[in-house]
Amino acid sequence: MDETLKHAIGAALAEVFETMFFTLLEPLEAIPPHAEWAREKHFVEATISYQGQLNGELRFFFPHTLARNITANFLGGGDVEVGEGQILDTVREAVNMAVGSMLGRLDPEGHCTLGIPVARRVGEFSPESVLADLNLYVFRTGSAGHLWLTCKTGR
Amino acid sequence: MFNILVVDDSETMRAAIRKVVGMSGVPVGEFHEAGNGKEAMAVMEDAWVDVILTDINMPEMNGIEFLRRIKGDEVYSNIPVIIITTESSQARMEEAEALGASGYVKKPFLPETIKMILTDVLEKAYAQRMKEIPAEAAPESDEEMDF
């Protein structure tokens, strides 16, 4: 991944997750050992694009546990009950904030526009399918698993 | 008491803002919600609101178009509008300010930021309202709004 983009999205994600969801993200420089993520089977995928002087699309894969935890934290924390719709809504909002914040860093003049984020639960995804992606970025979130991110950029 | 309208396409974000506003100490009367500018216009046909907090990036009618319509309507043009958005570029902020936005909060936000801006905007709106009331109808004391 382009280092400037990597730095911007890493800083934006850390800010959003800490401020809004009380969740610490540890950016990883290398793919973590298989044993760390082998049990991550259920994911929520979120995609969001941006257009303008910079163009790109980011795809995030949230382990369901992470998606559920950030939703509960966003709604007040503790043992608050969360529904599937709220989980997808929170994931959409999380990527919207993260990529919006990233663009604020990369495009301070505001020449780019952010697309509407889309989130869905995926049963068929395995992190193994993105390991070969050169634009892969992985974050460790402690007991809630790993956040996987890939991006496509264009001119 | 102030009636508040929150406009955001994320239901959970609206719930989070509602919670923050509830904890802010601002005396809230009715709390209304809408998923985009179009829905918000429909809400405002049925209910009076004293302040609007709106996102920008929404389907159907985005926050900038919504702000433009509010400020172009003589019935609603004095209602303060606070933008709460991920779009933090200087150009977007200047556009919102030029259209008449009273405040701008960047997501992600700290609860204190919403409280500070909401309080500031409502104090100014309250002072403006007092100026517009004829002297004989104004409150006798120099009582100020206190959150």
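As shown above, the structure is provided for reference.
Residues numbered from 1 in each chain as written. Chains lettered and ligands numbered in written order. Predicted model: local features only at pLDDT ≥ 70, side-chain atom pairs only at ≥ 80, totals over all residues. Heavy atoms only, no water.

### Some points on the interface of chain B and chain A
Contacts between the two partners involve 22 residues from chain B, matched on the other side by 23 residues from chain A. The junction of chain B with chain A conceals about 1,700 Å² of combined surface from both sides, 57% of it contributed by carbon and sulfur atoms. For the pair chain B and chain A, the interface holds two salt bridges. Inspection of the region where chain B meets chain A yields seven residue pairs in polar contact (both at pLDDT 80 or more). Put simply, the parts of the chain that give the side of chain B that touches chain A at least two residues each are helix H1 (11-23) and helix H4 (90-99) of chain B. Here the side of chain B that touches chain A gets six residues from one element, more than from any other, and that element is H1(B). Broken down by class, the residue content of the side of chain B that touches chain A amounts to nine nonpolar, seven polar and six charged. (Contact = heavy atoms within 4.5 Å. Buried area = accessible area lost by both parts, 1.4 Å probe. Salt bridge = Lys/Arg side-chain N within 4 Å of Asp/Glu carboxyl O. Polar contact = N/O pair within 3.5 Å; in protein donor to acceptor, adjacent residues only side chain to side chain. Helix = DSSP H or I, 4+ residues; strand = E, 2+ residues; numbered from the N terminus. Nonpolar A, V, L, I, M, F, W, Y, C, P; charged D, E, K, R; others polar.)

### Description of the packing of helix H4 (residues 84-106) of chain A against H1(B)
Where H4(A) contacts H1(B), the axes come no closer than 7 Å and their chain directions differ by 80 degrees. With respect to each other, H4(A) and H1(B) are oriented roughly perpendicular. Every residue of H1(B) that contacts H4(A) at Gln86(A), Asp89(A), Thr90(A), Glu93(A) and Met97(A) is listed here: Glu11(B), Thr12(B) and Met13(B). (Axes fitted to C-alpha atoms, helices over the stretch in contact; angles between N-to-C directions. Parallel < 35°, antiparallel > 145°, perpendicular 65-115°, else oblique.)

### A word on helix H1 (residues 3-21) of chain A
An ideal rise of 1.5 Å per residue puts 27 Å on 19 residues; H1(A) measures up with 26 Å between its terminal C-alpha atoms. Sitting at the head of H1(A), Asp2(A) places a side-chain oxygen 3.2 Å from the backbone nitrogen of Thr4(A). (Expected span 1.5 Å × (residues − 1).)

### Considerations on the pairing of strand S4 (residues 81-85) of chain B
All names here are of chain B. Taken across its five residues, S4 has five buried, putting it largely inside the fold. Across the two faces of S4 the burial is the same, with Val 81, Ile 83 and Thr 85 and Ile 82 and Ile 84 all buried. Judged from the four bridges that link them, S4 and strand S5 (residues 103-106) form a sheet pairing that is parallel. The partner of Thr 85 across the bridge, within S5, is Lys 106. Chirality of the crossover, the property in question, places the unit of S4, H4 and S5 among those that are right-handed. (Buried < 20%, exposed > 50% of the residue type's maximum accessible area, 1.4 Å probe, protein only. Pairing = 2+ DSSP bridges. Right-handed = clockwise from strand over helix to strand, strands pointing away.)

Limitation: the analysis is restricted to geometry and does not speak to function.
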